[in-house]
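Chain by chain, the residues:
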Amino acid sequence: MLSPDQFARVKALFDQLCDLPADEQRAALGRLQEDGEVLAELHLLLDKTMANVDHTVQPMLKVLAALAETPCTGDVLGAWTLHEEIGQGGMGKVFLARRSDGQFDQLAAIKLLSGRPSAIEQRYLARERQILASLTHPNIARLYDGGSTPQGQPYLVMEYVQGLQIHRYCDQHGLSLAARLRLIIDVCAAVVYAHQQLIVHCDLKPGNILVTSDGRPVLLDFGVSRLVDVADWGGSTDDAVLNTNTALTGAAYTPRFASPEQKARGQVGTASDIYSLGLVLTEILDLEWPDDQRPPLQRLPTELAAIIERATRQQVADRYGSVAEFAADLRRYLAHEVVLARPATAFYIARKWLRRNWSWSAAAVGVLALVATFSLQMREQRDNAIRAERTSRAVKDYMVSVFQGADPEMSGQRDLPVSALLDAGRERLQGALKDDPRSRTELSSILGTVYQSIGKRDQALKLFDEAIEQARGQSWHPLLAEALHKKAYSLYDMGEFKQALAPAREALELRERYAGESAERVDSMRLLGSILGYSGETEEALKILSQALELATRLRGAESLEAGHVHLDLARYFGDGGGRADLVLEHSELAAKLFAQHLGARHFRVTDALEMRVLGLAQSNQAVAAVPLARELVAQRTALYGDISHPRCYALHMLGSILRRAGRQMEAVPVFQDCLDIHEQLDGPESVASLVPMLGLGLAYESAGAHESALKVFERQLAIHGQQTLTTDITPAGLRLHVAHNERLLGNLDRAQAAMKLVLAEYQADAATPPEDWIDAQLELAALSRQLGDIAAAQAAIDAITPAQLADDPTSSGRTLAERGRIALAREEHEQARLLFKQAQAQLVSARGEHDPEVWLIDVDYAEWLAQAGGKPEQARELAVAIANKVKLAIDPAGRWADRLRKLGASV
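Residues numbered from 1 in each chain as written. Predicted model: local features only at pLDDT ≥ 70, side-chain atom pairs only at ≥ 80, totals over all residues. Heavy atoms only, no water.

**Q** What is the right way to read the overall build of the chain from this model?
**A** Per the secondary structure count, the chain includes 40 helices and nine strands. Sequence-distant contacts, at least 24 apart, represent 58% of the contacts inside the chain between residues at least 6 apart. Within the structure as shown, the chain displays about 41900 Å² of accessible surface, and the carbon and sulfur contribution to it stands at 52%. (Helix = DSSP H or I, 4+ residues; strand = E, 2+ residues; numbered from the N terminus. Contact = heavy atoms within 4.5 Å. Areas by Shrake-Rupley, 256 points an atom, 1.4 Å probe, with all protein chains shown as cover.)

Structural data, given as structure tokens:
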């Protein structure tokens, strides 16, 4: 029993400590110098108080915090404003949202995922979002963006799809059995595409498959369940079960459509999606069954029941080897062919053959020939089916080995790069198909495409070469054509156009001989035509691309997707050097229309067509009109591919170039710098790819009069050339010419002379120097000589440029006239200079547009003459003010052009 003094002491100490956090309470108790009974009573009171608070207050605080933190209608997340809640489930809420950053109008579905992940899990989510954002398929809802709320709740921004769930669409439209199967086949195509990108859905169900008004099925939440699984944080489970094992042993799923291995929390892979697809098929065929029981397949045709039964077997190894194989069996069923799901008895094969060829049987013409043909076709069909199954099984084994390689417990490592996983899986297959060369050939071609898609081009080319060698040796002509086509495309994608020509030509020859008038032949014609165009073989390129358009139109129609692809190729052809901006615009608009019609308005091909439209506007001297479209191009590429990606980088480079053409040089500088930063992150700071945006940056500085900054950029490019042997159009001689130009304008004439000597020596030693490069060198030599006071040498340099060399080059012609005008001014031939300047401006405006710096710099030269030799300073000031108002966005306020205008009395 405590004494009154002890009780009073306990009460006083309790009042001091009860409001402190638990850790501070413990620290304070440890510092107390009290007798044991006081301390024991104080400990007891504090423990009971905290327990009561935890029991009654803490749950309420958690609920209030959750209510305060959960975003709701009207809230802004990043670039998006939430409009209304359109769904709710175990993984979180879904809102309809509209883009609100002013870049462009767009609707999206935003899913707020339950719970708050740790910092490590947030980084994993960001990496997975980047992978999922790369999924570009007409039957997959795109992942646009993602992030976390200010309170740390993750969210995903996905394409908003308006449509009906697949089973309801089938019922409301009264679809036939064949139409329902074709819908599932389209869904399978999307799942196959994702599996090729090493992504498994893990939650395929009718609710995640919407069908749009035009009959296109679209998969939702692709890969999101995998994200939740890896993050491993809680949430409600009213319609989904969260598995908390490793990244490969489960995910959020719906029990009714989940595979046995998901429910058992076992190894999950592509076979789980096959199982779920089988159950989705039973759902749209109106087969109802109790949970955890087999559906009543006896109501279905025997072969279709066999297909579903095989897809939904309990053991992974007993199912189809891949989703592609499952879809192929459905196609066989629709075509009345032998399906792999049924035993291949002689009676069954014969019945199917007779079903397809009943007219031949009824005619009973040539009994012996009929028997021979019958036997041959049975054998060939069965061999093809077995071969297809074997190849699919090999691909499945490869995929399984890749996913196993990602398991830290099996590989012994964490965060293995994708390329390492692919290599490990490929090595396991080296001996697996040694007795089946055809399947191995097919697999080499498939894997080459996988390596190509992740940027491992050398490995891709090696695999294509293996497939080519084997197919050529066995005279497997279709396989040989496919492997040659893929190799040619890989080289084309690398910019190795000369090397790509031979395999592209051979692929087309084989397809002309063995594939007849087919889509494959169109593809090869498109590829060869594009390669020829970039190789300078413009006449043959245009001929082949025109033939490709004719064939695509004949095969599929003028409004077909195939025709759209050829229109895009033709737009690129005319944009690269065909000299017809009007045709660039015409073909790009046709391509955009057909892509939007067949693939949807947000497909990356629509964006590719937009790129060509921007180029066409620029080439037709409509750069100002092209600027907003170029910004839209950057925004769309960012939404499609993310901030750090080559496609966004290409769009930035185009925007920078358009801004330069529109006379907005200083706006172009940060755009080119952003593009350069991306290249350096993706390709390395010393890569050949970085030279392209670096050149754009240097030219923007140069045109803005920021010659010191320009000089640093061009010298850096020369240093990169000096460190390695590069194959590029950006040559050391061309870069030295820019160095000489900027040194001259900075007044460093000795350095400019030294650089010009090297340039002229290189051009004289190289017989393949392009005429326009040689003209540029002569013009710079003339300007340098004039600035040194040697007017005779300047005149000699300009006279070395012949009229024949300028006949088809209005830009060089205008620049030559301008330099002749400056030489005339130096000789005080004022009227001659005025006439030459007028002619030069007309040529340059026609070729480059009125905003080109060369146009208004002529006026600056003339204004300086008016102020000095012309004796008309007021007229010179008025002209300078007019120039300054026109070029404020074009020049660096601290650069040479601004200084010249200020000296003439203009404010810059």
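After that view of the structure, there is still more to cover.
**Q** Hey, could you run me through the nonpolar core in this one?
**A** Val614, Ile658, Leu697 and Tyr701 are the most contacted members of the largest nonpolar core, which totals 55 residues. Setting aside anything within four residues of it in sequence, one finds Val614 in contact with Ala626, Leu629, Ala630, Met654 and Ile658. Of all hydrophobic cores here, the second largest spans 46 residues; its members include Ile185, Ala190, Leu287 and Ala311. (Core = buried A, V, L, I, M, F, W, Y, C linked by side-chain atoms within 4.5 Å. Buried < 20%, exposed > 50% of the residue type's maximum accessible area, 1.4 Å probe, protein only.)

**Q** Explain the confidence of the model for the chain here, please?
**A** Low-pLDDT portions of the prediction should not be read for the details of their coordinates. The predicted model of the chain has a mean per-residue pLDDT of 80, with 78% of residues at 70 or higher. Considering only residues more than four positions removed or in separate chains, one finds that residues 59-68, a stretch of pLDDT under 50, has one contact. The low-confidence segment residues 223-251 (pLDDT under 50) makes 98 contacts with residues lying over four places distant or belonging to another chain. (pLDDT = per-residue confidence, 0-100.)

**Q** Please explain the pattern of salt bridges as it appears in this structure.
**A** Opposite charge on two side chains permits them to pair, given that their charged atoms come into close proximity. Counting across every chain of the model gives 40 salt bridges. Note that Glu540 is salt-bridged to Arg505, the shortest N-O span being 2.8 Å. Residue Glu540 is located in helix 22 (residues 538-556), and its partner Arg505 is located in helix 20 (residues 497-514); the two are separated by 35 residues in the primary sequence. The class of Glu540 is partly exposed, set by a relative accessible area of 29%. Given the relative accessible area of 30%, Arg505 is considered partly exposed. When the shortest N-O distance is used, the salt bridge between Glu874 and Arg877 registers 3.3 Å. You can see Glu874 and its partner Arg877 sitting in helix 39 (residues 873-886), three residues apart, about one turn around the helix. (Salt bridge = Lys/Arg side-chain N within 4 Å of Asp/Glu carboxyl O.)

**Q** Which parts of the structure should I look at to understand helix 30 (residues 707-723)?
**A** Residues lying three or four places apart along an α-helix face the same way, a consequence of the helix completing one turn every 3.6 residues. When the terminal C-alpha atoms of helix 30 are compared, their 25 Å separation across 17 residues agrees well with the 24 Å that a helix rising 1.5 Å per residue should span. Three or more residues of helix 30 are buried, namely His707, Ala710, Leu711, Val713, Phe714, Gln717, Leu718, Ile720 and His721. Looking at the buried positions of helix 30, the neighbouring elements they touch are helix 29 (691-703), helix 31 (732-745) and helix 40 (896-903). (Expected span 1.5 Å × (residues − 1).)

**Q** What exactly am I supposed to notice about the environment of Ala782 here?
**A** Along the polypeptide, Ala782 turns up in helix 33 (residues 771-788). Judged by its relative accessible area of 0%, Ala782 is buried. Sequence separation of Ala782 and Ala793 is 11 residues, and the distance between their C-alpha atoms is 7.0 Å. Other than its neighbours up to four places away in sequence, Ala782 contacts Ala794, Ala797, Ile798 and Glu819.

**Q** In this structure, what is going on with unusual backbone geometry? I would like to understand it.
**A** Excluding glycine, residues mostly carry a negative phi; peptide bonds, for their part, are mostly trans. In this structure, Asp286 takes a positive phi of about 65 degrees despite not being glycine. The phi angle at Asn621 is positive, at roughly 60 degrees, despite the residue not being glycine. Inspection of the secondary structure assignment puts Asn621 in the loop between helix 25 (604-619) and helix 26 (623-641).

**Q** Quick question: what am I supposed to make of the environment of Ala833 here?
**A** In this structure, Ala833 sits in helix 37 (residues 830-848). For Ala833, a relative accessible area of 0% gives the class buried. When the C-alpha positions of Ala833 and Glu819 are compared, they lie 9.5 Å apart, and in sequence the two are 14 residues distant.

**Q** Would you mind showing me how to read the side chain of Asn139 here?
**A** The topology assignment puts Asn139 in the loop between helix 4 (119-133) and strand 5 (143-148). Looking at Asn139, its side chain comes within polar contact range of the main-chain oxygen of Pro217, at 2.8 Å. Ignoring anything within four residues of it in the chain, the contact list for Asn139 reads Asp186, Ala190, Arg216, Pro217, Val218 and Leu219. (Polar contact = N/O pair within 3.5 Å; in protein donor to acceptor, adjacent residues only side chain to side chain.)

**Q** Looking at this model, I keep getting lost on the packing of aromatic side chains. Mind explaining?
**A** Working definition: an aromatic ring pair is given by the centre-to-centre distance plus the angle between the planes. The tally for this structure, following the rule as stated, stands at eight aromatic pairs. A centroid spacing of 5.9 Å and a plane angle of 50 degrees characterise the contact between Tyr489 and Tyr492, whose relative ring orientation is tilted. Taken together, the residues span about one helical turn, with Tyr489 and Tyr492 both in helix 19 (residues 477-493) at a distance of three residues. Among the residues examined, Tyr489 registers a relative accessible area of 40% and is labelled partly exposed. Owing to a relative accessible area of 16%, Tyr492 belongs among the buried residues under this scheme. (Phe/Tyr/Trp six-rings, centres within 6.5 Å; stacked < 30°, edge-to-face > 60°.)

**Q** Sorry, what's going on with the packing of helix 6 (residues 177-196) against helix 9 (residues 270-284) here?
**A** Helix-helix packing is described using two parameters, namely the angle between the two axes and the distance between the axes. Running from N to C, helix 6 and helix 9 point in directions that differ by 165 degrees, and their axes come no closer than 11 Å. By the criterion of interaxial angle, the relationship of helix 6 to helix 9 is roughly antiparallel. In terms of crossing hand, the pair formed by helix 6 and helix 9 is right-handed. Residues Arg180, Leu181, Ile184, Val187, Cys188, Val191 and His195 of helix 6 pack against Thr270, Asp273, Leu277, Val280, Leu281 and Ile284 of helix 9. (Axes fitted to C-alpha atoms, helices over the stretch in contact; angles between N-to-C directions. Parallel < 35°, antiparallel > 145°, perpendicular 65-115°, else oblique. Left-handed = near helix turned anticlockwise from the far one by under 90°.)

**Q** How should the side chain of Ser518 be read in this particular structure?
**A** Among the secondary structure elements, Ser518 is positioned in the loop between helix 20 and helix 21 (519-534). Assessed through its relative accessible area of 11%, Ser518 is described here as buried. Side-chain polar atoms of Ser518 contact the backbone oxygen of Ala515, separated by 3.4 Å. Not counting residues up to four positions away in its chain, the partners in contact with Ser518 are Leu551 and Leu555.

**Q** Please clarify how the sheet that holds strand 9 (residues 217-219) should be interpreted in this entry.
**A** In sheet architecture, strand pairing relies on hydrogen bonds along the backbone and comes in two forms, parallel and antiparallel. Across the sheet, three strands lie side by side as 7-8-9; this open sheet has antiparallel pairing. Edge strands, defined here as strands with exactly one partner in the open sheet, are strand 7 (164-165) and strand 9. Direction of pairing for strand 8 (residues 209-211) relative to strand 9: antiparallel, over a ladder of three bridges. Directly across from Ile209, in strand 9, lies its bridge partner Leu219. Seen against the sheet, helix 6 touches strand 8 and strand 9 and runs at an angle of roughly 35 degrees to strand 9. (Pairing = 2+ DSSP bridges.)

**Q** Explain helix 25 to me, please; I cannot follow it from the model alone.
**A** Look at helix 25: 23 Å from first C-alpha to last across 16 residues, which is about the 22 Å you get at 1.5 Å a residue. In terms of burial, helix 25 is largely enclosed, as 12 of its 16 residues are buried. When we look at burial in helix 25, the residues that qualify are Phe604, Val606, Thr607, Asp608, Ala609, Leu610, Glu611, Met612, Val614, Gly616, Leu617 and Ala618. Positioned one or two residues after helix 25, Asn621 has a phi angle of 60 degrees, which is positive.

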